[in-house]
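So the chains spell out like this:
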Amino acid sequence: MGVLMSRRQTVEKVQKVSLAVSAFKDGLREQPSTRRQAEEGAACRRTLEQEVQEAEEEASAGPSQPEENSASKAAWERLRDGRGVEPEEFDRANRFTPPTFIRPKRELHDDKPPDISLEQREQVINDEMCEICEVWTAESLLPCRICSRVYHDGCLRRMGYLQNDSAVEVTEKAHTETGWSCYYCDNLNLLLTEEEMYSLMETLQNCKIIPETCLTLDDFLRYKHQVHKQQYECPMTEAQEEQAALQFSALDPDKKGHIEWHDFLSHESIQLLQKLRPQNALLHLLMAKERERARAAFLALDRDSDGLIGEAECRQARYGWFRKHPKETPSCNVSISHVGPMSESSPASSSSGKSYEKTPPATEQQEARTTDWPGFLRENVAYILAARPNSTALHLQP
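Computed from a predicted structure; not experimentally measured. (Residues numbered from 1 in each chain as written. Predicted model: local features only at pLDDT ≥ 70, side-chain atom pairs only at ≥ 80, totals over all residues. Heavy atoms only, no water.)

Take unusual backbone geometry next. Of note, Glu212 is a non-glycine position whose phi angle comes to about 65 degrees, a positive value. Among the structural elements, Glu212 can be located in the loop between α6 (194-206) and β3 (215-216). Since its relative accessible area comes to 27%, Glu212 is described here as partly exposed. Residues other than glycine seldom take positive phi values, yet Lys255 does so here, at roughly 55 degrees. For Lys255, the location among the structural elements is in the loop between α8 (238-251) and β4 (258-259). (Helix = DSSP H or I, 4+ residues; strand = E, 2+ residues; numbered from the N terminus. Buried < 20%, exposed > 50% of the residue type's maximum accessible area, 1.4 Å probe, protein only.)

If you want it as structure tokens, here you go:
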């Protein structure tokens, strides 16, 4: 999109000009040393050296715009590169270099349904070595609940992804049924291709959304109104505005009155995936652990083993993916939430009064409808992906 010239581009400009100066100097030594040529060479050399000096001063001094504009540029660059919120104040001398994220590319076969068998179980094995330092120490490795990567807590600290106040919580959570997502799987924005990311950034810029800032309910509704009007050229209805308000409530489970930037970005990323990609393409994004949990969920609901479940049970599974309550006491009841990726408690036994956590009653028509295994996966794939982040927010309201 040509967002802004970064410091890296400025350094590249300095390097190119320096190469031009060196080449010019070498050429002068090979030419006849007449007075006229010397004078012309000196004039050109002064011009090039002045440009080098100006470029170096520009690189060292940084942008001359206000500090908040510079911070905004850096935030847009982090968003474009998929780095999320990077703690720039860290002392990088004692830390590992952050990874370079490579956005995925669409393949020709993505729109074809993958062969995910219900009967053929997959053997899920975690990696043996830490993803960061590539050293094996089995007793202290933290496994990701989505992918096969494992990490040392010390390596995560040196990467800047694990703060002191959350180290104990992450260490304990990684070995529970709820599990912990690594920094790759926790960031749903990394599922977007470059083209999809540019589309999202353009929408955010047009709607005056500032990266890495919190959004209040008014901000969120104003954004939703603008996006809806741009797409459909008509205002949102009252029902649609009410649904957007429910989504805001789902993204703000602690009732703080605002939603965090990474939660908003995850919500918008999964929304964009639903809009631009068919369900078959989303199925290709599922990891082996997610497919295994989906099998366990379907088999637990298919009590008569006929390969079909009712619509109400499918809806129950959909809500079960979003049971993010690691602080609750695990229930002894066997239900869909126990085989889901995010839950430690049964939806049926939960006493929570939050409206978005309750499974709505199904109508008679919905009760009569049945779903097979491929249909179950297609209908729930977006919700399975939306459950990846560690945040307790519901990034896709069922």
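On to the confidence of the model for the protein chain. Parts of the prediction with low pLDDT should not have their coordinates interpreted in detail. Of all residues in the protein chain, 65% attain a pLDDT of 70 or more, and the chain-wide mean is 76. In this model, residues 1-8 is a region of pLDDT below 50 whose contacts with residues beyond four sequence positions or in other chains number 15 contacts. Within the model, the stretch residues 325-357 combines pLDDT values under 50 with 75 contacts to residues more than four positions away or in other chains. (pLDDT = per-residue confidence, 0-100. Contact = heavy atoms within 4.5 Å.)

Before going further, it helps to examine the packing of helix α12 (residues 311-320) against helix α15 (residues 373-386). For the pair α12 and α15, interaxial distance at closest approach is 10 Å and the crossing angle is 25 degrees. Relative to α15, the element α12 lies roughly parallel. Seen from above, α12 lies across α15 with right-handed handedness. Residues Glu311, Cys314, Ala317 and Arg318 of α12 lie in contact with α15, whose contacting residues are Phe376, Glu379, Asn380 and Tyr383. Classifying every residue of the contact of α12 with α15 by side-chain character gives four nonpolar, one polar and three charged. (Axes fitted to C-alpha atoms, helices over the stretch in contact; angles between N-to-C directions. Parallel < 35°, antiparallel > 145°, perpendicular 65-115°, else oblique. Left-handed = near helix turned anticlockwise from the far one by under 90°. Nonpolar A, V, L, I, M, F, W, Y, C, P; charged D, E, K, R; others polar.)

Mapped onto the elements, Asn206 comes out in helix α6. We classify Asn206 as partly exposed; its relative accessible area is 46%. Placed 20 residues apart in sequence, Asn206 and Gln226 show a C-alpha to C-alpha distance of 8.9 Å.

All right, on to the packing of aromatic side chains then. Applying the stated rule across the entire model yields 12 aromatic pairs. Between Trp261 and Phe264, the ring centres sit 5.7 Å apart and the planes meet at 40 degrees, which makes this aromatic pair tilted. With Trp261 and Phe264 both in helix α9 (residues 261-276) and three residues apart, this pair spans about one turn of that helix. Looking at Trp261, the relative accessible area reads 6%, which means it is buried. Here the aromatic cluster, defined as three or more aromatic residues joined through ring pairs, consists of Phe101, Tyr151, Tyr161, Trp180, Tyr183 and Tyr184. Between the NZ or CZ atom of Arg149 and the centre of the ring of Tyr184, over which it lies, the distance is 4.1 Å. (Phe/Tyr/Trp six-rings, centres within 6.5 Å; stacked < 30°, edge-to-face > 60°. Lys NZ or Arg CZ within 6 Å of the ring centre and 35° of its normal.)

Further remarks concern α8. Compared with an ideal rise of 1.5 Å per residue, which puts 14 residues at 20 Å, α8 spans 20 Å between its outermost C-alpha atoms and is within 8% of the ideal. Restricting attention to buried positions, one finds in α8 the residues Ala244, Gln247, Phe248, Ser249, Ala250 and Leu251. (Expected span 1.5 Å × (residues − 1).)

With that settled, the discussion passes to the nonpolar core. Grouped burial of nonpolar side chains is what soluble globular proteins tend to show. Of all hydrophobic cores here, the largest spans 51 residues; its most connected members are Leu79, Leu204, Ile209, Phe264, Trp373 and Phe376. In terms of residue count, the dominant contributor to this core is α15 (nine residues). Residues within four places of Phe376 in sequence aside, it is in contact with Ala294, Ala297, Phe298, Ile309, Cys314, Ala317 and Thr371. By size, the runner-up hydrophobic cluster in this structure holds 17 residues, among which are Leu142, Cys144, Cys182 and Cys185. (Core = buried A, V, L, I, M, F, W, Y, C linked by side-chain atoms within 4.5 Å.)

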